[in-house]
Amino acid sequence: MASHAIEAAHGAGHAAHHGESFFRKYLWSTDHKTIAFQYMFTGMAMALLGAFFAYVFRMQLAFPGNAVPFFGHVSPGKYNALVTNHGSIMIFWVAMPVLIAGFGNYLIPLMCGCDDMVFPRINRLSYQVFLLSALVLLASLFMPDGGFGGAWTAYPPLSASAKYNLTPQGASMWVIAVALEFVAFLLGGINFIVTAMNARAPGMKAFDVPLVVWMIVVATLLFMASVGPLIAGAVMLLFDQLLGTGFFNPTRGGDPILWQHLFWFFGHPEVYVVLLPAMGIVAEVITVFSRKKMFAYKTVIYTVIATGILSFFVWAHHQFVAGIDPRMANVFTVTTVLISIPIAEMCFLYIATLYGGSIRFATPMLWALGFLAEFLIGGATGIYLGASGADIFFHDTYFVIAHFHYTFFPIAIIAVFAGITFWFPKMFGRMMNETLGKIHFWGTIIPFNFIFIPMFMVGLNGEHRRIYDYTHFPELATPAMQALRTTSTIALVVMLLFQFIFIYNFLVSMRRGRKAGANPWKSNTLEWSAESPPPHGNWAELPVCHRGPYEYSVPGREKDYWPQHEKA
Ligand code: HEM
Ligand SMILES: [Cu+2]
């Protein structure tokens, strides 16, 4: 009865959606899939911009003083603005929108077996605020004094006073853009949590929910719990900039270190906010392409929750040289080393999942395995930085840059490619080209290591970050150091060129790829029981869930998979 009523109501809604204008269908839609695409495509466009900035400032480092093709001369001020906005864009306007908002919006209703998010209009508002935030950020780059150059961490006094940062409008617009972006994700996050908790298919218990949904929900909770203090901090920073207050100014009774605490109280959990959805995507891919049950599924979930809680107690490891009490530094060293245990454990559980599986190296699987290999390097190097004594030497060198790119690049780029190549058939109803996919994989992963391994080396040699021309420092301007810098830049250019193969493959496969059918990878989770692409409302009749998500190669069964919606 009840389900009939829902269907009838839905049918009516469905009919109303036909014959809609382009505007209503693509720009003003409340369909979770359309909003997912809006987030994803905006994020991917911003990724191109962030990568272009990296290209410009890396060219300046490799060939200092020369005009950069497609950009021109890089002044010190422009260099700072490029680095700052590269980092800000990659974290706030690429990793967040693509991983959480893009995949979250696409996958949560489809994997939970419901027709849309619980609050579709809040969802639409979330994207609109996000788009506004991106536009404010882009506009800030064109202000008369240029974009903000005080680093994505925006430490005062540099960020608080135009006297120091020289970009009054750029600095304030940057703060406003980041604050708007937070508002967008608070709005969107409500939906992720409520939908995954309350709108699951009949029969779907908490431990039948796929890991990627679990992880996006935990990530959203982490975001919501950590961002509040930083929003307060951002308001104070804006007041210091515009109204001349002194929240972060010691001569007026304020304290610049306060900002660092507020920023990193958010900033460190933020790493897990983007890491968890990435790990979730990888979990879905490795189970499907090794035809194995997820090893210790429940343990993974408990570990994720424990890691999330622990991630609130490590933030001051970013402040070891900021004059904090060394006894406090000891505590944060211990918590930081502690948090590496559950993360390492998760990587081992993933590897255990692969063990003994019938592994198929399709493109999504290559990306998933690439994620595990590269992310491990990022994680392992973090242990050195977490030790307060060692960090006095490492702090603010390129060792740190290499370390966090070995975490963020796998998260924001490698896992995203795993997800896109895996769910592309569902999203667009067609397969991507495998050969081009593999060329793109190797053309990205090999140069990636050539970009960042040299940075570990120059970092260990004492190369400080955020410097626009190392020829000013004789001990850093040696031919050997310069050769490493050039290697890194050339590898970046090579990697960027290979991205055109992906763009080509993406656009052409969307129209002309082989038809995918509903379930081309023979997967279990509910999204694969919908048509590809799923229509508005996702299913004519909503699915019922009969089992957990990872019943692959179950002994005694003819098929090596057992979809969640199939009756026993
Ligand atoms: C496309 C390849 C990339 C290259 C070649 C690259 C290169 C760099 C370099 C050399 C710096 C340091 C500049 C300095 O401190 O002087 C930097 C900063 C940064 N990058 Fe990247 N990066 C890339 C991708 C990414 C990605 C995917 C993310 C995150 C998702 C990211 C996040 C950051 C952040 C947060 C900073 C710090 C910015 C700051 O100091 O304010 N980068 N990048
Ligand atoms: Cu941290």
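Summary of the structure given here.

What counts, and at which threshold
Residues numbered from 1 in each chain as written. Chains lettered and ligands numbered in written order. Predicted model: local features only at pLDDT ≥ 70, side-chain atom pairs only at ≥ 80, totals over all residues. Heavy atoms only, no water. Phe/Tyr/Trp six-rings, centres within 6.5 Å; stacked < 30°, edge-to-face > 60°. Helix = DSSP H or I, 4+ residues; strand = E, 2+ residues; numbered from the N terminus. Buried < 20%, exposed > 50% of the residue type's maximum accessible area, 1.4 Å probe, protein only. Donors = N, O, S within 2.8 Å, 3.2 Å for Na, K, Ca; no water. Axes fitted to C-alpha atoms, helices over the stretch in contact; angles between N-to-C directions. Parallel < 35°, antiparallel > 145°, perpendicular 65-115°, else oblique. Left-handed = near helix turned anticlockwise from the far one by under 90°. Contact = heavy atoms within 4.5 Å. Nonpolar A, V, L, I, M, F, W, Y, C, P; charged D, E, K, R; others polar. Near = heavy atom within 4 Å. Polar contact = N/O pair within 3.5 Å; in protein donor to acceptor, adjacent residues only side chain to side chain. Tetrahedral: all angles 85-135°; square planar, octahedral: opposite > 155°, others 65-115°.

**What about the packing of aromatic side chains?**
Piece 1. Inspection of the entire model under this criterion finds 59 aromatic pairs.
Piece 2. Between Y39 and F130 the ring centres are 5.0 Å apart and the planes differ by 45°, which places this aromatic pair in the tilted class. Of this pair, Y39 sits in helix α3 (residues 32–62) while F130 is found in helix α5 (residues 120–140), placing the two residues 91 residues apart along the sequence. Side by side, Y39 and F130 carry an identical accessibility label, which is buried.

**Some thoughts on the coordination of the copper ion (ligand 2)**
Each donor-metal-donor angle in an ideal tetrahedron of four donors is 109.5 degrees, and each such angle in an ideal octahedron of six donors is either 90 or 180 degrees.
Piece 1. Binding of the copper ion (ligand 2) to the protein goes through H268 (ND1), H317 (NE2) and H318 (NE2), at separations of 1.7 to 2.0 Å.
Piece 2. If you list the donors of the copper ion (ligand 2) from N- to C-terminus, the spacing comes out as H-x48-H-H. In this pair, H268 sits in helix α9 (residues 256–290) while H318 sits in the loop between α10 (297–310) and α11 (326–354), placing the two residues 50 residues apart along the sequence.

**Side note on the packing of helix α4 (residues 76–112) against α5**
Piece 1. It is the contact of α4 with α5, at a shortest axis distance of 12 Å, that shows an interaxial angle of 165°. What the angle tells us is that α4 and α5 run roughly antiparallel. As α4 runs across α5, the sense of the crossing is left-handed. Note on element contacts: α5 touches α4 through N123, F130, S133, A134 and L137, opposite N85, I89, F92, W93, P97 and N105.
Piece 2. Looking at the contact of α4 with α5, its residues break down into seven nonpolar, four polar and no charged.

**What about the site of ligand 1?**
Piece 1. The full set close to ligand 1 counts 25 residues, and H86, W152, H405, R465 and R466 are the nearest of them.
Piece 2. One nitrogen or oxygen atom from the main chain of W152 is found 2.8 Å from an oxygen atom belonging to ligand 1.
Piece 3. In this structure, an oxygen atom belonging to ligand 1 sits 2.7 Å away from a main-chain N or O atom of R466.
Piece 4. Here the element with the most residues in the shell around ligand 1 is helix α14 (residues 398–428); it accounts for seven residues.

**As for the coordination of the iron atom of ligand 1**
Piece 1. Bound to the iron atom of ligand 1 are the protein donor atoms H86 (NE2) and H405 (NE2), situated 1.9 to 2.1 Å from the metal.
Piece 2. For the iron atom of ligand 1, the six donor atoms are set out with angles of 86 to 177° between them, so the coordination reads as octahedral. Here H86 is found in helix α4, whereas its partner H405 is found in helix α14, with 319 residues between them in sequence. The burial state of H86 is the same as that of H405; both residues are buried.

**A short note on unusual backbone geometry**
Backbone geometry follows two general trends: most residues other than glycine have a negative phi, and most peptide bonds adopt the trans configuration.
Piece 1. P156 connects to P157 through a cis peptide bond whose omega is 5°.
Piece 2. Mapped onto the elements, P157 comes out in the loop between α5 and α6 (162–165).
Piece 3. Following S532, the chain continues to P533 via a peptide bond in cis, the omega torsion being -15°.
Piece 4. With respect to the helices, strands and loops of the structure, P533 is situated in the segment after α16 (479–512).
Piece 5. With a phi angle near 65°, L166 is a residue other than glycine that sits in the positive phi range.
Piece 6. Counting through the fold element by element, L166 comes out in the loop between α6 and α7 (168–198).
Piece 7. Even without being glycine, R466 reaches a positive phi, approximately 55°.

**With respect to the packing of α3 against α16**
Piece 1. Axis separation between α3 and α16 bottoms out at 9 Å; the angle between their running directions is 155°. As far as their axial angle goes, α16 and α3 are roughly antiparallel. For the pair α3 and α16, the crossing hand works out as left-handed. Along its contact with α3, which presents F41, M44, L48, A51, A54, Y55, R58, M59, L61 and A62, the element α16 presents Q482, R485, T486, S488, T489, L492, V493, L496, F502, I503 and F506.
Piece 2. Along the lines of polarity and charge, the residues of the contact of α3 with α16 split into 15 nonpolar, four polar and two charged.

**Some details on the environment of L99**
Piece 1. Note on placement: L99 falls in helix α4.
Piece 2. Remark: the alpha-carbon pair of L99 and P144, spanning 45 residues in sequence, is separated by 34 Å.

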